[in-house]
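So you can see what is in the structure, the chains are spelled out below.
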Amino acid sequence: MKRALILSGGGSRGSFQVGVWKYLQEKNWIPDMICGTSIGAINAVAIGSGLTTEQLTHIWTKSGRRKIYRFQPIHFIANVLLRQRWVPLMDTTPLKSMLESSIDFNRLKQSRVEIIISAVNLHTAIPEFFTQNEITIDHIMASSAMPIIFPHHKIDGIPYWDGGIMANVPLLPALARGMDEIIVALLSPVGHLSRLPEPRRIMDAGEHLLEQSLASSYHSILQQSTIMGNRLVGINNLMPGSSYLRKKNAQKFLENPVEAASQNKTQKMPRIITIAPSKMLGLPSLLNFSLKQANALMADGYNNARQKLNNIL
């Protein structure tokens, strides 16, 4: 059985995924692939580079806001008012330094688990996927670059930003690779709570909008599979024009054109299991790297994974 772990974007809510990963490790659930975007890309690369659950927990509980970003509101407002060259609201140099000191890129390249992260090409507005053989610090920074708030980054001279803008739940590579079982660590409760509260204030409406945007791409893919009768008909029809995905499909065809053509016509939908937060988290939770929130979300991720997976794995 081929397995994949999907780590979605959601800012500092990403500590939830550490709790999910801790439970999966205890159950000896080993994925063949980990796909991540935005904060999920950071967690995916960290796992792929060999960081243990304890090391991941240490990073999340010791990396407060000042080790992630610095506010620069004066420069941001001045450039907006004067219509000069755009300056992001926050400087993410601290995050880059922290990742460079924590991630072993040589070990990442040797990972037996395929690590894939995504970022959006600003020239084409298409999400692209990168494997551990090509991932650098620029790829990670680009994947986690929240538009306007964080600076975008260039990869081979081309500007990219947060992969979550176009595909916050990077499920497509796992479908393309024919995974049998997929666990999604989602960072929004939308679609997984029995009932969401009705928005009564402008902030409530903003929170609903945020939550729905974080989960929208995922639910769209699931709805497409339902319409197709739980079959993925013509896998290319579900995929953006990513060079990674095109290469994978081309390679399959060259190696075995008959089999590739057969799989491309009709591919069975894998079992997909979603682990999501147990409550609405609020807008501030996206940039809240406090110890309190990190511990609370790690516990929530672990407990939700245990409740959802205890009788499955």
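For the structure itself, consult the block above.
Here's what I pulled together on the structure shown here. (Residues numbered from 1 in each chain as written. Predicted model: local features only at pLDDT ≥ 70, side-chain atom pairs only at ≥ 80, totals over all residues. Heavy atoms only, no water.)

### Brief notes about the overall build of the protein
Consideration 1: Within the protein one finds 13 helices and 12 strands.
Consideration 2: A separation of at least 24 residues holds for 77% of the contacts in the protein among residues at least 6 apart in sequence. (Helix = DSSP H or I, 4+ residues; strand = E, 2+ residues; numbered from the N terminus. Contact = heavy atoms within 4.5 Å.)

### Brief notes about the nonpolar core
Consideration 1: Leu99 and Ile135 are the most contacted members of the largest nonpolar core, which has 57 residues in total.
Consideration 2: Sort the elements by how many residues they give to this core and helix H2 (residues 39-48) lands first, with seven residues.
Consideration 3: What Ile135 contacts, discounting residues up to four positions off in sequence, is Val45, Phe105, Leu108, Lys109, Ile115, Ile117, Phe130 and Ile140.
Consideration 4: Counting 19 residues, the second-largest nonpolar core is a separate cluster that includes Ala4, Leu172, Leu175 and Val184. (Core = buried A, V, L, I, M, F, W, Y, C linked by side-chain atoms within 4.5 Å. Buried < 20%, exposed > 50% of the residue type's maximum accessible area, 1.4 Å probe, protein only.)

### Description of helix H13 (residues 291-309)
Consideration 1: Taking 1.5 Å of rise per residue, 19 residues should cover 27 Å, and H13 covers 27 Å from first to last C-alpha, within 8% of that figure.
Consideration 2: Of all the residues in H13, the buried ones are Gln293, Ala294, Leu297, Met298, Asp300, Gly301, Tyr302, Asn304, Ala305 and Leu309.
Consideration 3: The elements touched by buried residues of H13 are helix H1 (15-26), helix H3 (53-62), strand E9 (181-185) and strand E12 (271-275). (Expected span 1.5 Å × (residues − 1).)

### As for the packing of H3 against H13
Consideration 1: For the pair H3 and H13, interaxial distance at closest approach is 8 Å and the crossing angle is 145°. Residue-level contacts link Thr57, Trp60 and Thr61 of H3 to Leu291, Ala294, Asn295 and Met298 of H13.
Consideration 2: Among the residues making up the contact of H3 with H13, the classes are represented as four nonpolar, three polar and no charged. (Axes fitted to C-alpha atoms, helices over the stretch in contact; angles between N-to-C directions. Nonpolar A, V, L, I, M, F, W, Y, C, P; charged D, E, K, R; others polar.)

### As for the pattern of salt bridges
Consideration 1: Applying the stated criterion to the full structure yields three salt bridges.
Consideration 2: Here Glu181 ties to Arg3 by a salt bridge, and the two come within 3.4 Å at their closest N and O atoms. Taken together, the residues span a long stretch of sequence, with Glu181 in strand E9 and Arg3 in strand E1 (residues 3-7) at a distance of 178 residues.
Consideration 3: Residue Arg271 pairs with Glu181 through a salt bridge whose shortest N-O separation is 2.0 Å. Of the two residues, Arg271 sits in strand E12 while Glu181 sits in strand E9, which places them 90 residues apart along the sequence.
Consideration 4: Taking the relative accessible area as the measure of exposure, Glu181 reaches 2% and is therefore buried. (Salt bridge = Lys/Arg side-chain N within 4 Å of Asp/Glu carboxyl O.)

### Quick word on the packing of aromatic side chains
Consideration 1: Enumeration according to the criterion identifies three aromatic pairs in this entry.
Consideration 2: Relative to Phe289, the ring of Trp60 lies with its centre 6.0 Å away and its plane at 20°, an arrangement referred to as stacked. One end of the pair, Trp60, is in helix H3; the other, Phe289, is in the loop between E12 and H13, and 229 residues separate them in sequence.
Consideration 3: Taking relative accessible area as the criterion, Phe289 reaches 12% and is therefore assigned buried.
Consideration 4: A cation over an aromatic ring shows up here: Lys22 above the ring of Tyr302, its NZ or CZ 5.6 Å from the ring centre. (Phe/Tyr/Trp six-rings, centres within 6.5 Å; stacked < 30°, edge-to-face > 60°. Lys NZ or Arg CZ within 6 Å of the ring centre and 35° of its normal.)

### Some words on the environment of Asp138
Consideration 1: Following the sequence through the fold, Asp138 ends up in helix H7 (residues 137-143).
Consideration 2: Under the relative-accessibility criterion, Asp138 is labelled partly exposed at 29%.

### Quick notes on the side chain of Ser118
Consideration 1: Within the element layout of this structure, Ser118 appears in strand E5 (residues 114-121).
Consideration 2: A distance of 2.8 Å separates polar atoms of two side chains, one belonging to Ser118 and the other to Thr37.
Consideration 3: Setting aside anything within four residues of it in sequence, one finds Ser118 in contact with Gly36, Thr37, Glu128, Phe129, Ser143, Gly163, Ala167 and Pro170. (Polar contact = N/O pair within 3.5 Å; in protein donor to acceptor, adjacent residues only side chain to side chain.)

### What to know about the side chain of Glu114
Consideration 1: Along the polypeptide, Glu114 turns up in strand E5.
Consideration 2: Only 3.1 Å separates the side chain of Glu114 from the side chain of Arg177, close enough to count as a polar contact.

### Some words on the pairing of E5
Consideration 1: Of all eight residues that make up E5, eight are buried, and the element is covered over most of its length.
Consideration 2: Where strand E2 (residues 33-37) lies against E5, five bridges are found, and the strand directions are parallel. Opposite Gly36, over in E5, you have Ile117 as the bridge partner.
Consideration 3: Pairing between E5 and strand E6 (residues 126-131): six bridges, direction antiparallel. Each bridged residue has a counterpart across the sheet, and for Ala119 the counterpart in E6 is Glu128.
Consideration 4: Between E5 and E6, which pair antiparallel one after the other, the connecting turn spans four residues, and Ala125 there sits at a positive phi close to 60°. (Pairing = 2+ DSSP bridges.)

### Side note on H2
Consideration 1: Within H2, 10 of the 10 residues are buried, leaving the element largely enclosed by the surrounding structure.
Consideration 2: Burial in H2 covers these residues: Ile39, Gly40, Ala41, Ile42, Asn43, Ala44, Val45, Ala46, Ile47 and Gly48.
Consideration 3: Positive phi appears at Gly50, one or two residues downstream of H2, with a value of about 95°.

### Observations concerning the environment of Thr92
Consideration 1: In this structure, Thr92 sits in the loop between strand E4 (90-91) and helix H5 (93-102).
Consideration 2: Distance from Thr92 to Ile149, taken between C-alpha atoms, is 9.7 Å for residues 57 residues apart in sequence.
Consideration 3: Thr92 has contacts with Ile68, Tyr69, Met141, Phe150, Pro151 and His153, leaving out every residue within four places of it along the chain.

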